[in-house]
Amino acid sequence: MSYLAEQLSDWTDIDVAAWHLAVSLGLMQPPQPDAPAFAFGGRKDLFWTSNPLGDLMFRLLGDLQTLGVVEEHPKDDHLLRWNAVYQSPDR
């Protein structure tokens, strides 16, 4: 299972999902083992404000949703999870 699929296996806040996406792309460092949950590498601001990195992560999450890779919670559009039935095109 990929890092992103594993991190998004349960309903996840969209800010946290954007952070995990940035980590999975190598744009941010992965969390240290002793880091508190959702430490965002000390850069939560990248996911709470309009900026090139955060904006890109949210656009990519939208594209992943369009492709059916992730799904939005039916009652809360701030929650995403990996779509367990997603099949990559190479399968």
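Looking at helix α4 (residues 52-67)
Stage number 1. The first and last C-alpha atoms of α4 sit 22 Å apart over 16 residues, in line with the 22 Å expected at 1.5 Å per residue.
Stage number 2. Each element contacted by the buried residues of α4 is listed here: α1 (3-7), α2 (14-24), α3 (45-48), β2 (70-72) and β3 (79-82).
Stage number 3. Of the residues that open α4, the one with a side-chain oxygen 3.2 Å from the backbone nitrogen of L53 is N51.
Stage number 4. Phi turns positive, to about 85 degrees, at G68, one or two residues after α4.

Comments concerning α2
Stage number 1. α2 sits mainly inside the fold: ten of its eleven residues count as buried.
Stage number 2. What α2 keeps buried is the set I14, D15, V16, A17, A18, W19, H20, L21, A22 and V23.
Stage number 3. Looking at the buried positions of α2, the neighbouring elements they touch are α1, β1 (12-13), α3, α4 and β3.
Stage number 4. The opening residue of α2 is D13, an N-cap whose side-chain oxygen sits 2.9 Å from the backbone nitrogen of D15.

Looking at the environment of P89
Stage number 1. Mapped onto the secondary structure, P89 falls in the segment after β3.
Stage number 2. When its relative accessible area of 78% is taken as the criterion, P89 is described as exposed.

A closer look at the packing of aromatic side chains
Stage number 1. Scanning all chains against the criterion turns up three aromatic pairs.
Stage number 2. When the ring of W19 is compared with that of F40, the centres are 5.3 Å apart and the planes differ by 45 degrees; the resulting orientation is tilted. Taken as a pair, W19 in helix α2 and F40 in the loop between α2 and α3 lie far apart in primary sequence, 21 residues in all. Of the two residues, W19 and F40, both sit in the buried class.
Stage number 3. Ring geometry for F40 versus F47: centroids 5.7 Å apart, planes at 40 degrees, classification tilted.
Stage number 4. Classification of F47 by relative accessible area gives buried; the value is 3%.
Stage number 5. Every member of this aromatic cluster is reached through a ring pair, and the members are W19, F40 and F47.

Looking at the packing of α2 against α4
Stage number 1. Between α2 and α4, the least distance of the axes is 9 Å, while the angle of their chain directions is 95 degrees. If you check the angle between α2 and α4, you find them roughly perpendicular. Contacts between α2 and α4 involve I14, D15, A17, A18, L21 and A22 on the former and, on the latter, M57, F58, L60, L61 and L64.

Basis of the calculations
- Residues numbered from 1 in each chain as written.
- Predicted model: local features only at pLDDT ≥ 70, side-chain atom pairs only at ≥ 80, totals over all residues.
- Heavy atoms only, no water.
- Helix = DSSP H or I, 4+ residues; strand = E, 2+ residues; numbered from the N terminus.
- Expected span 1.5 Å × (residues − 1).
- Contact = heavy atoms within 4.5 Å.
- Polar contact = N/O pair within 3.5 Å; in protein donor to acceptor, adjacent residues only side chain to side chain.
- Buried < 20%, exposed > 50% of the residue type's maximum accessible area, 1.4 Å probe, protein only.
- Phe/Tyr/Trp six-rings, centres within 6.5 Å; stacked < 30°, edge-to-face > 60°.
- Axes fitted to C-alpha atoms, helices over the stretch in contact; angles between N-to-C directions.
- Parallel < 35°, antiparallel > 145°, perpendicular 65-115°, else oblique.

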